[in-house]
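# Remarks on the overall topology
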Amino acid sequence: MKPTAEQLLAAKDTTIPDIAGPGLRVLFCGINPGLWSGATGHHFARPGNRFWPALHRSGFTPRQYRPDEQRELLDLGLGITNVAPRATAKADELTAEELRAGGAALRDRVLRLRPRVLAVLGIGAYRTAFGQRRAAIGCQPEGIGDTRVWVLPNPSGLNAHYTLDGLAEEFRTLREAVGDDADSAG
């Protein structure tokens, strides 16, 4: 479903539910929902977002899922959440305070759900939310409880620093570190 202009405007500041549960292999964490996601209720819903293709090309999923199939990720031990809950047209509309508050709430969520890995999609948001100014892409030296923390590039089509192949390679590195593939999940 392609949202109308009115639906996109109405989606500003809305929230969408997490796709999550206890004991996931990987909990993927976006910065915040975009307006397409707010309007549709599906994570990474905007055409041009490369999350779903990167997830598949990296071997996390046996095929490329559509945003409206997001709940099927749970069967693979995967989930989705966000640092900041409110939908915006661009992530830069969020304040540093919102990101820090979102980081604190995310830490609590991870301690409660205990995924093997929290994969934050966006280095800038991670640095702000967790106060880690020198953080780089990849596995972070500090986890949250028993959960390892990994930072991946933002899959937004606006992130020109990474091609789809480059994103898929970063996702694949994480998948290999987790040690399971899509065929053995579930």
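Let me sum up the structure you'll find in this document. Fair warning: this is a prediction, and the values are worked out from it, not measured in the lab.

Criteria and thresholds
Residues numbered from 1 in each chain as written. Predicted model: local features only at pLDDT ≥ 70, side-chain atom pairs only at ≥ 80, totals over all residues. Heavy atoms only, no water. Pairing = 2+ DSSP bridges. Helix = DSSP H or I, 4+ residues; strand = E, 2+ residues; numbered from the N terminus. Contact = heavy atoms within 4.5 Å. Axes fitted to C-alpha atoms, helices over the stretch in contact; angles between N-to-C directions. Disulfide = S-S within 2.5 Å. Buried < 20%, exposed > 50% of the residue type's maximum accessible area, 1.4 Å probe, protein only. 1 Å grid on protein atoms, 1.4 Å probe; cavity = no way out; pocket = protein on both sides within 12 Å on 5 of 7 lines; lining within 4 Å. Points joined across faces, edges and corners; volume = space filled by probe spheres on them. Nonpolar A, V, L, I, M, F, W, Y, C, P; charged D, E, K, R; others polar. Core = buried A, V, L, I, M, F, W, Y, C linked by side-chain atoms within 4.5 Å. Polar contact = N/O pair within 3.5 Å; in protein donor to acceptor, adjacent residues only side chain to side chain.

With that out of the way, let us pick up the sheet that holds strand β4 (residues 138-139). One open sheet holds the 5 strands; their spatial order is β2-β1-β3-β5-β4, and the pairing between them is mixed. On the outer flanks of this sheet lie β2 (78-82) and β4, each paired with one strand and no other. As paired strands, β4 and strand β5 (residues 148-152) are joined by 2 bridges and run antiparallel to one another. Bridging across to β5, Cys-139 finds its partner in Trp-150. Helix α4 (residues 96-113) contacts β1 (26-30), β2 and β3 (117-121) of the sheet and is inclined by roughly 155° relative to β2. Of the strands in this sheet, β1, β3 and β5 are in contact with helix α6 (residues 164-178), which crosses β5 at around 165°.

Here we take up the state of the cysteines. Enumeration over the complete set of coordinates arrives at 0 disulfides. Left without a disulfide partner, Cys-29 is nearest to the cysteine sulfur of Cys-139, which lies 16 Å away. What makes Cys-29 buried here is its relative accessible area of 0%.

The space that makes up the largest pocket amounts to roughly 660 Å³. Lining the largest pocket are 28 residues, and of these Gly-34, Asn-49, Ala-89, Ser-156 and Leu-158 lie nearest its centre. Per-element accounting of the lining of the largest pocket gives the leading share, 3 residues, to helix α2 (residues 35-40). Its residues assigned to classes, the lining of the largest pocket comprises 12 nonpolar, 13 polar and 3 charged.

Attention now goes to unusual backbone geometry. One non-glycine residue, Phe-44, adopts positive backbone phi at about 50°. Tracing the chain through its elements places Phe-44 in the loop between α2 and α3 (51-57). Phi at Arg-114 is positive, roughly 55°, even though this residue is not glycine. As for its placement among the helices and strands, Arg-114 is situated in the loop between α4 and β3.

In terms of nonpolar packing, the biggest core is built from 24 residues, with Val-26, Phe-28, Phe-51 and Leu-174 touching the most fellow members. When residues of this core are traced back to their parent elements, those giving at least two are β1, α3, β2, β3, β5 and α6. Residue contributions to this core peak at 5 residues, all from α6. Of all hydrophobic cores here, the second largest spans 20 residues; its members include Ile-31, Leu-99, Ala-135 and Val-149.

Its location among the elements puts Ser-37 in helix α2. Overall, Ser-37 belongs to the buried group, its relative accessible area being 5%. As for Ser-37 and Leu-94, which are separated by 57 residues in sequence, their C-alpha atoms are 16 Å apart. Apart from the residues lying within four places of it in its own chain, the contact partners of Ser-37 are Ile-16, His-42, His-43, Phe-44 and Ala-45. Polar contacts involving the side chain of Ser-37 include one to the main-chain carbonyl oxygen of His-42, which spans 2.8 Å.

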